[in-house]
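# Inside the fold
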Amino acid sequence: MLNMRIVRGPLGEQEYSVILSEYNRLTGAGIPRKEFLRWVQDSPEGPAWHAILETDDARIVGHTSVLPIRAGFRDRYLMSGMSEYSFVHEDFRKVKIKGMEDVNRPTFIILLDLLFQHCIKQGFEPIFASTNEKNQIFTRKVGLRPAEFPLRECLLVRNPIAAARHTPNLELKQRAALLGVGIAQKALWAVRRPFTRSNHGLRAVAIGSKALCFDPAQLSFYEEKESICWRFIPEQYILYVLEQAPLDYLIVKRGRADRYLRVCQYHLSSVKSVQPVIHGLLEQVRTDQAIGIRWAVYDSGRLAEELVAELRGLGFLCARRTRIVMVHKEFPTYLEPCVWRMSDTHFCFDP
């Protein structure tokens with residue numbers, strides 16, 4: 001039999017070490033300890049809630065957590081919750097939890113469900129998870145329902161071989177096609193580069209130095225100072241502002257030889273800013289020796305269509321995709337994609 005406890009952090013150093021080690025082993029995530037502690041301890045809304053499974057000798061064999069995340073919605077702040085760092089050791093997945101011997105549900109499902117129910121009582125709104133398709137069957141069993149967000153994934157390749165090798169979620173034929181497209185894109189921008197303006201008006205500023213523009217009618221994240229400083233690690237992210245449009249900004253995740261420079265969150269008042277923005281981002285791509293630029297444009301009206309058209313005109317490859325966020329059924333309002341101001345910020349927690 002296993003013991004289960006629900007507790008709010010901070011936990012002990014040894015407990016954190018075991019949880020992170022087991023999570024990385026079972027998922028292959030490779031999350032650094034410093035970043036893990038940042039996410040579970042330092043949110044402006046306080047430390048995470050944890051559900052922990054232990055043997056009688058206090059060995060941790062299962063874990064899940066809900067990170068409290070401040071969200072803006074309809075002129076007020078909410079304490080939303082994101083499910084993260086879930087696992088049960090493979091040797092204990094069929095072992096019953098004490099006090100729940102008669103419950104005919106898998107141990108992992110019980111663990112998730114009890115933590116979600118606890119966090120709902122604590123006032124979390126909404127509770128959600130970003131998970132792969134394989135795990136969605138489990139999250140449905142604990143009350144999570146899919147909200148589907150259509151988008152265009154837009155890529156501009158600087159290093160075609162690295163793009164074909166490292167771009168995620170592609171089949172072999174798609175990788176071969178991307179190699180060809182990347183070669184054409186690189187040639188196009190080699191011709192254009194001598195004619196681009198060096199004074200593009202894109203300027204990097206310190207993370208947290210600027211209050212970001214948001215739409216109070218939509219559920220939005222990481223736009224007030226405390227949340228910006230928590231979410232965006234300065235060594236990994238750059239906040240850009242546009243001199244000609246004071247309310248416009250982009251937050252990008254820096255690239256490297258096996259990763260794109262990735263636009264994670266942005267506000268543009270007009271597509272007239274797109275061309276100088278791309279010129280500025282390409283300078284950073286060269287500095288980082290990155291694969292290229294990756295920009296997910298979520299379908300949200302006319303401006304999104306115009307943005308995609310402008311990116312295509314600059315040589316970007318733009319492909320339709322759908323992101324799925326699993327939202328707890330206790331919060332049906334947030335199952336409607338139009339309620340969210342979605343960005344890639346929720347999908348780039350990797351180190």
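Residues numbered from 1 in each chain as written. Predicted model: local features only at pLDDT ≥ 70, side-chain atom pairs only at ≥ 80, totals over all residues. Heavy atoms only, no water.

## Remarks on the pairing of strand E4 (residues 76–88)
Burial within E4 is extensive, with ten of its 13 residues counted as buried. In this sheet, E4 lies alongside strand E3 (residues 60–73) in antiparallel orientation, the contact comprising eleven bridges. Each residue of the ladder has a partner; that of Ser 65, found in E4, is Glu 84. The turn linking E3 back onto E4 is made up of two residues, and Arg 74 within it adopts a positive phi angle of 55 degrees. Relative to strand E5 (residues 127–129), E4 is paired through two bridges, and the arrangement is parallel. Looking at E5, one finds that Met 82 is bridged to Phe 128. (Buried < 20%, exposed > 50% of the residue type's maximum accessible area, 1.4 Å probe, protein only. Helix = DSSP H or I, 4+ residues; strand = E, 2+ residues; numbered from the N terminus. Pairing = 2+ DSSP bridges.)

## Topic: the pattern of salt bridges
One pass over the structure, following the stated rule, counts 23 salt bridges. As a salt-bridge pair, Arg 152 and Asp 299 come within 3.2 Å of each other at their nearest N and O atoms. Of this pair, Arg 152 sits in strand E6 (residues 144–157) while Asp 299 sits in the loop between strand E12 (292–298) and helix H9 (302–313), and the two are 147 residues apart along the sequence. You can call Arg 152 buried: its relative accessible area is 3%. Judged by its relative accessible area of 32%, Asp 299 falls in the partly exposed class. A salt bridge links Arg 152 to Glu 305, with the nearest nitrogen and oxygen atoms 2.9 Å apart. One end of the pair, Arg 152, is in strand E6; the other, Glu 305, is in helix H9, and 153 residues separate them in sequence. One salt-bridge network, in which partners are shared between bridges, spans Glu 45, Arg 70, Glu 224 and Glu 226. (Salt bridge = Lys/Arg side-chain N within 4 Å of Asp/Glu carboxyl O.)

## A word on the nonpolar core
Counting residues in each nonpolar core, the largest one holds 74 residues, and the members touching the most others are Phe 36, Leu 219, Phe 221, Val 325, Tyr 334 and Trp 340. Discounting chain neighbours no more than four positions away, the residues touching Trp 340 are Phe 128, Phe 149, Gln 218, Leu 219, Phe 221, Val 325, Val 327, Tyr 334 and His 346. Counting residues in hydrophobic clusters, the runner-up holds 32 residues, among them Leu 156, Ile 238, Leu 250 and Leu 311. (Core = buried A, V, L, I, M, F, W, Y, C linked by side-chain atoms within 4.5 Å. Contact = heavy atoms within 4.5 Å.)

## Considering the environment of Ile 127
Here Ile 127 shows up in strand E5. Judged by relative accessible area, which is 0%, Ile 127 ranks as buried. For the pair Ile 127 and Pro 68, spaced 59 residues apart in sequence, the C-alpha to C-alpha distance is 9.1 Å.

## Some thoughts on the confidence of the model for the chain
Summary statistics for the chain give a mean pLDDT of 92 and a share of 97% for residues scoring 70 or more. At the level of individual helices and strands, the chain shows its lowest average pLDDT in helix H4 (residues 136–140), which scores 77, and its highest in strand E2 (residues 49–54), which scores 98. (pLDDT = per-residue confidence, 0-100.)

## Considering a nonpolar patch on the surface
Residues Ile 161, Leu 179 and Ile 183 make up a contiguous nonpolar surface patch of about 270 Å² in total accessible area. Tracing the backbone shows Ile 161 in helix H5 (residues 160–166). Accessibility expressed as a relative area gives 55% for Ile 161, which makes it exposed. (Patch = residues over 30% accessible without salt bridge, like charges linked within 9 Å, V, L, I, M, F, W, Y side chains within 5 Å. Areas by Shrake-Rupley, 256 points an atom, 1.4 Å probe, with all protein chains shown as cover.)

## Focus on unusual backbone geometry
Following Gly 9, the chain continues into Pro 10 via a peptide bond in cis, with omega recorded as 0 degrees. Within the fold, Pro 10 resides in the loop between strand E1 (3–8) and helix H1 (13–27). Here the amide bond leading from Glu 125 into Pro 126 is cis, since omega sits at -15 degrees, within 30 degrees of zero. As for its placement among the helices and strands, Pro 126 is situated in the loop between helix H3 (107–121) and E5.

## Points about the pairing of E12
The element E12 is extensively covered by neighbouring structure, given that seven of its seven residues are classed as buried. Pairing geometry for E6 and E12, over seven bridges, is antiparallel. Paired with Cys 154 across the strands is Trp 295, a residue of E12. For the crossover from strand E11 (residues 261–267) across helix H8 (residues 274–288) to E12, the handedness is right-handed. (Right-handed = clockwise from strand over helix to strand, strands pointing away.)

## Observations regarding the side chain of Arg 294
With respect to the element layout, Arg 294 can be found in strand E12. Since its relative accessible area comes to 11%, Arg 294 is described here as buried. For Arg 294, the residues in contact, after removing those within four places along its chain, are Glu 153, Cys 154, Leu 155, Pro 168, Tyr 260, Leu 261, Arg 262, Val 263, Arg 321 and Arg 323.

## Concerning the environment of Thr 287
For Thr 287, the location among the structural elements is in helix H8. When its relative accessible area of 56% is taken as the criterion, Thr 287 is described as exposed. In the structure, Thr 287 is positioned 31 residues away from Arg 256 in sequence and 9.1 Å away in space, judged by C-alpha atoms.

## A look at helix H2 (residues 33–41)
Along H2, the residues classified as buried are Glu 35, Phe 36, Leu 37, Trp 39 and Val 40. On its buried face, H2 sits against H1, E2, E3, E4 and helix H7 (225–231).

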